Amino acid sequence: VQLVESGGGLVQPGGSLRLSCAASGFTFSRYIMSWYRQAPGKERELVAVITSAGGLTNYADSVKGRFTISRDNAKNTVYLQMNGLKPEDTAVYYCEVPFNGVDYWGKGTLVTVSS
């Protein structure tokens, strides 16, 4: 299993970013995918979840209405569209998949929201 995140960077408050997570090594279309984030000095927290076919999503209260998780099963990729970014969204963002009873993580992509 391999997960590779991309799309992070420096953005001003109110700006937008789109994160991508390219997956390989498993049948992507069969698995729930999640985005987590970890801010400096804080625990990793769940940001968004999407079901295998993409029909259901769920979000942390802190990002509802601003972030959108989606997936393209033909491309084995899950996305996180982030709008209305705030300084408190600054974190390393990770994608995650529970595969055969083990949680697999990518190495993360850093998002910094600052003026």
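This write-up is about the structure you can find in this document. (Residues numbered from 1 in each chain as written. Predicted model: local features only at pLDDT ≥ 70, side-chain atom pairs only at ≥ 80, totals over all residues. Heavy atoms only, no water.)

## Regarding the sheet that holds strand β7 (residues 67-72)
Cut-off, in case you're wondering: Paired strands are those between which DSSP finds at least two bridges. To qualify as a helix, a DSSP run of H or I must reach at least 4 residues; to qualify as a strand, a run of E must reach at least 2; elements of each kind are numbered from the N terminus. A fitted line through C-alpha atoms serves as each axis, taken over the contacting stretch for helices, and the angle formed by two N-to-C directions is quoted from 0 to 180°.
Strand order in the open sheet formed by four strands is β1-β3-β8-β7, and the pairing between neighbours is antiparallel. Of all strands in the sheet, those bounded by a partner on one side alone are β1 (2-6) and β7. Strand after strand, the sheet turns through a mean of 15° between neighbouring axes, direction not considered. Where strand β3 (residues 17-24) lies against strand β8 (residues 77-82), six bridges are found, and the strand directions are antiparallel. Across the sheet, residue A22 finds its bridge partner in β8, namely T77.

## A closer look at the nonpolar core
For the record, the criterion: We define a nonpolar core as any set of buried Ala, Val, Leu, Ile, Met, Phe, Trp, Tyr and Cys residues linked to one another through side-chain atoms lying within 4.5 Å. For every residue, the accessible area (1.4 Å probe, protein chains only) is compared with the maximum for its type, and the residue is labelled buried under 20%, exposed over 50%, or partly exposed between those bounds.
Of all hydrophobic cores here, the largest spans 31 residues; its most connected members are F26, W35, V78, L80, M82 and Y93. Secondary-structure elements contributing two or more residues to this core are β3, β4 (33-38), β5 (45-50), β7, β8, β9 (91-99) and β11 (109-113). At five residues, the largest contribution of residues to this core is made by β9.

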